[in-house]
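# Observations on the model geometry
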Amino acid sequence: MPVKIGIPRALAYYAYYPFWKEFFQKLGLETVISQVTTKQILDDGVKEAVTDACVPIKVFHGHVRDLKDKADYIFVPRLVSINKEKTVTFCPKFLGLPNMIKTSMTGLPPLIDIRVDLKKGKLELFKICYRLGRKFDVGLWTIVKAYSSGMKAQAKYQQLLNEQYSPIEAVNILDGEDSLLANSTDPKLKFAVLGFPYTIYDKFVNVDIINKLRKLGIKVLTAEMVPPKILLQQAKKVPKNLFWNFSNQVLRAALYYLDNSKVDGIIHVTAFGCGPDAMVDKMIELEAKQRGKIPFMSITIDEHTGEAGLMTRIEAFVDMLALRRERS
Amino acid sequence: MKITFPYMGTYHIAFKMLIEGLGHEAIVPPKPSKKTLTYGTQNSPEFACLPFKILLGSYLEAIELGAEMVITSGGAGPCRAGYYGVLHQKILQDLGYDTKIVVMESPFRNIFDFLGKIRSVIGPSGVSWWTFGKVFRKAWEKLKVLDDIEFLSHQIRPFELKRGDTTNVFSKCLEIIDQAGTIPEINEVRVIAKKMLNDIPVDRSRQVLKVGIVGEIYVVLEPFANHDIEITLGEMGVLTHRSIYLSDWTRESTGYESTQKVIEVASPYIDELFGGHGIYSVGHSILYSKKGFDGVVQLAPFTCIPEIVAKPILNKVTQDYNIPVLTVFLDEQTGKAGLQTRLEAFVDLLAQKRDKLEGIAI
């Protein structure tokens, strides 16, 4: 029976899942993914995680718990950097994630807590994959093949994102399911909904904000839908880069949407108590205010976020912007 | 030019001397107060940490006093403090102030940027690099005296006969230190201040508990942020030792542990630098346990990510090394009475634990 690698459906899953899934499967291992976030997963996470952590971290603990009896290993990589930008790393919670899991949870299968620090050099990712492969006694040639098909899967995934599919839809398409663009073709308004991929695309955590907006006739654009090259070009508009990879993406996407007037409004979805977001949120607010054209709203989510409260705020925002458009 | 700087513990005395020595007028921000906090919270993002809010508040107060430039430190992350300068500048701009914030980044990262910024400060007042070096050395000496005296005050406070003596004498010491202008004078006040503190009537026979203080640098160093935790504990008869002093890394008189050693002892628990003082909180707690301390207090601002990561790891340290850790998250809502109650309970438990160990408890 092949070894089962458990991949939690949380945090980095929303950005790099296709690569790891393809890589592990081509190594001849089986991948098990935790189920979609539910109340049970959130509750489990809240029980296990440190009280002061943000909701995505708590949800991550819940997903790890879900995999406890389903997998032989759980994949919790330590993400340090994923590109060449020297000053950019991840939120400290990503840096300390395997340690947090190890110290606060017991009875887990062994963790694969490999350190991913790609700014060291071009071959770094391959070296990491090689070490992973050797861990499971796989030959070099198979590792090379698994690595390259992983890269291919990730490239295809990125291309789907550039075509304005959401990460979830893109993963579905890679799995061979048909997924039509859910954005309506003749939208009333266009919104940029920005935030970390793991808050934007986890329907349970954010009370399905994207589909709620779509039902109101809004076309939703996210940070992932701006091609990486264009995102990088936005970097020079701020005096100093933020230190966190996902935060940079959010801020850069905000600057892109602000300057290209492609949207009618910007919504920033942030988790309660999120450290990096406190900075990002204020930066977007001030940049939007300075330009004075595109309205900005920030929505904070936590483990108690209710449907009614969120709906009221979204509806009010949509109505105001629709009114504004009629007047102009 | 009128220059201000972050207010932190007693260090404004040394910073003031540095700025004045460079031919500028130093605007010392008022000691942080409710007003500072109100100014700060009003204009800061909700989830920014307490240091961000206090600093913004004190910059605004200093601007009211006429400050035209702020000199502060930078950083390379992943702790948010490294981005304070940029965001503070944006917020001040948005509020309509043209005060410039000069952020000193590490010279090891970009030496030209570092020297350029110093030049932009000393250039306009016509101060040579030579004078800058001399003034900087003087300020550094003063900083060391400030640390020495504060360290000593925490050593004496739990033994004082009359509660409050040490704190009174300490504030007199600060006044004297402020007066010293040359290196011989600084050396002289070091001796005088030490004597003043050592002359406080004490009862050395007291059995005191020893508590180490770890955590995020600003809330550890600034008494307003931590509600005078070291004084509060000292007056409960607890000897406190804090893991951070600014002048630490040059000498050992404050019980200094090299960063290398701290990281080394923390490495079985976490071998990644995850920003801020997170890893040091873990390492120092282990070292305190090894040195026979009775407990550790971890101080952190609310939403401080590195300390949140350190917290579950400290739980494990508590189990392995048998050292109790009290984690206190501080924000603008933290009240002194609540903190006092928690500290009293913690100290009571520590005392019971020790008595049990010594076989005194029933």
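Keep in mind that this is a model prediction, so the values were computed, not measured.

Let us look at the overall build of chain A. From N to C terminus, chain A includes 14 helices and ten strands. The C-alpha atoms of chain A give a radius of gyration of 20 Å, which matches the 20 Å a tight globule of 328 residues would have. Taking the principal axes of the C-alpha coordinates as reference, chain A spans close to 65 × 40 × 40 Å. A buried classification covers 48% of the 328 residues belonging to chain A. In chain A, of all internal contacts separated by at least 6 residues, the share reaching a separation of at least 24 is 72%.

What follows concerns the overall build of chain B. Scanning chain B from N- to C-terminus turns up 14 helices and eight strands. Taking 362 residues into account, the globule formula puts the C-alpha radius of gyration at 21 Å, and chain B, at 21 Å, falls close to it. Dimensions of chain B, computed from C-alpha atoms along their principal axes, come out at roughly 70 × 45 × 40 Å. Counting all 362 residues of chain B, 48% fall into the buried class. Residue pairs in contact within chain B that sit at least 24 positions apart in sequence constitute 74% of those at least 6 positions apart.

What follows is about unusual backbone geometry. All names here are of chain A. Of note in the backbone geometry, Val207 takes a positive phi value of approximately 55 degrees without being a glycine. Looking at where Val207 falls in the secondary structure, it is placed in the loop between helix H9 (197-200) and helix H10 (209-215). The class of Val207 is partly exposed, set by 18 C-beta atoms lying within 10 Å.

All names here are of chain B. Under the domain assignment, chain B is made up of domain 1 (2-127), domain 2 (137-206) and domain 3 (208-362). On a C-alpha basis, the centroid separation for the pair domain 1 and domain 3 is 28 Å. Each partner contributes residues to the interface: domain 1 has 16 residues there, and domain 3 has 19 residues. Elements with a contribution of two residues or more to the side of domain 1 that touches domain 3: helix H2 (34-43) and helix H3 (50-64). Considering every element that reaches the side of domain 1 that touches domain 3, the biggest residue donor is H3, with four residues. Tallied by class, residues from the side of domain 1 that touches domain 3 come to eleven nonpolar, three polar and two charged.

The next subject is the interface of chain B and chain A. With 30 residues of chain B in contact, the opposing surface of chain A contributes 32 residues. Where the side of chain B that touches chain A is concerned, the elements lending two or more residues are helix H4 (84-94) and helix H13 (305-321) of chain B. Looking at the side of chain B that touches chain A, the element that brings in the most residues is H13(B), giving nine residues. Tallied by class, the residues present in the side of chain B that touches chain A amount to 18 nonpolar, six polar and six charged.

Moving on, we come to the nonpolar core. Within the largest apolar cluster, 202 residues are counted, with the highest numbers of intra-cluster contacts made by A:Val193, A:Ala254, A:Ile266 and B:Val282. Setting aside its immediate chain neighbours within four residues, A:Ala254 contacts A:Leu194, A:Ile266, A:Ile284 and A:Glu287.

Bringing the sheet that holds strand S8 (residues 325-330) of chain B into the picture now. Strand pairing in a sheet takes place through backbone hydrogen bonds and is either antiparallel or parallel in direction. Residues and elements named next belong to chain B. Read across the sheet, four strands follow the order S6-S5-S7-S8 without closing on themselves; strand pairing throughout is parallel. Each edge of the open sheet is held by one strand with a lone partner, namely strand S6 (238-242) and S8. Looking at each pair of strands side by side, their axes are set apart by 25 degrees on average, direction ignored. Bridge count between strand S5 (residues 209-215) and S6: five bridges; the pairing is parallel. Residue pairing for S6: Lys210 is matched across the bridge by Leu239. Set on the sheet, helix H12 (residues 278-290) makes contact with S5, strand S7 (295-301) and S8; between it and S5 the angle comes to about 165 degrees.

Residue and element names in this part refer to chain A. Pairing is parallel across the open sheet formed by four strands, whose spatial order is S2-S1-S3-S5. Sheet topology places strand S2 (30-33) and strand S5 (111-112) at the edges, where each strand pairs with a single neighbour. Of the strand pairs in this sheet, strand S3 (residues 73-75) and S5 are connected by two bridges, and their pairing is parallel. Residue Phe75 lies in a different strand from S5, and its bridge partner there is Ile112. Each of strand S1 (4-7), S2 and S3 is contacted by helix H1 (residues 13-26), which is oriented at about 175 degrees to S1, the strand it contacts most.

Residues and elements named next belong to chain B. Among the six residues of S8, five are classified as buried, and the element is accordingly described as predominantly covered. Strand direction decides the pairing type here: S7 and S8, joined by six bridges, are parallel. Of the residues in S8, the one forming a bridge with Gln298 is Thr327. The β-α-β motif built from S7, the intervening H13 and the parallel element S8 has right-handed crossover chirality.

Residues and elements named next belong to chain A. Split into domains, chain A comes out as domain 1 (4-171) and domain 2 (182-327). Computed from C-alpha atoms alone, the centre-to-centre distance between domain 1 and domain 2 is 25 Å. For the side of domain 1 that touches domain 2, the secondary structure elements donating two or more residues are H1, helix H2 (39-48), helix H3 (55-67), helix H7 (140-162) and helix H8 (167-174). Per-element tally for the side of domain 1 that touches domain 2: the top contributor is H3, with four residues. Its residues assigned to classes, the side of domain 1 that touches domain 2 comprises 17 nonpolar, seven polar and three charged.

Once that is clear, we can look at the pairing of strand S7 (residues 189-194) of chain A. Bridge analysis of S7(A) against strand S8 (residues 218-221) of chain A gives four bridges, and the strand direction is parallel. Counterpart to A:Ala192 in the pairing with S8(A) is A:Leu221.

The next point concerns the confidence of the model for chain B. Averaged over chain B, the pLDDT score is 90; the fraction of residues at 70 or greater is 97%. What the predictor reports for the complex is a pTM of 0.92 with an ipTM of 0.89.

Moving on, we get to the packing of H3(B) against H4(B). All names here are of chain B. Taken N-terminus to C-terminus, the directions of H3 and H4 make an angle of 45 degrees; their axes are 11 Å apart at the nearest point. When the axes of H3 and H4 are compared, the pair comes out oblique. H4 is crossed by H3, and the crossing has right-handed handedness. Of the residues in H4, those touching H3 at Phe52, Leu55, Leu56 and Tyr59 are Tyr84, His88 and Ile91. Considered class by class, the residues forming the contact of H3 with H4 number six nonpolar, one polar and no charged.

Residues three or four positions apart in an α-helix share a direction because the helix packs 3.6 residues into each turn. All names here are of chain A. When the terminal C-alpha atoms of helix H12 (residues 245-260) are compared, their 22 Å separation across 16 residues agrees well with the 22 Å that a helix rising 1.5 Å per residue should span. Counting buried residues along H12, 14 of its 16 residues qualify, which places the element largely inside the surrounding structure. A positive backbone phi angle near 45 degrees is found at Ser261, which sits one or two residues after H12.

Definitions and cut-offs
- Residues numbered from 1 in each chain as written.
- Chains lettered and ligands numbered in written order.
- Predicted model: local features only at pLDDT ≥ 70, side-chain atom pairs only at ≥ 80, totals over all residues.
- Helix = DSSP H or I, 4+ residues; strand = E, 2+ residues; numbered from the N terminus.
- Rg over C-alpha atoms; globule rule 2.2 N^0.38 Å.
- Buried ≥ 20, exposed ≤ 12 C-beta atoms within 10 Å, placed from the backbone.
- Contact = placed C-beta atoms within 7 Å.
- Domains from an automatic or database assignment.
- Nonpolar A, V, L, I, M, F, W, Y, C, P; charged D, E, K, R; others polar.
- Core = buried A, V, L, I, M, F, W, Y, C linked by C-beta atoms within 7 Å.
- Pairing = 2+ DSSP bridges.
- Axes fitted to C-alpha atoms, helices over the stretch in contact; angles between N-to-C directions.
- Right-handed = clockwise from strand over helix to strand, strands pointing away.
- pLDDT = per-residue confidence, 0-100.
- Parallel < 35°, antiparallel > 145°, perpendicular 65-115°, else oblique.
- Left-handed = near helix turned anticlockwise from the far one by under 90°.
- Expected span 1.5 Å × (residues − 1).

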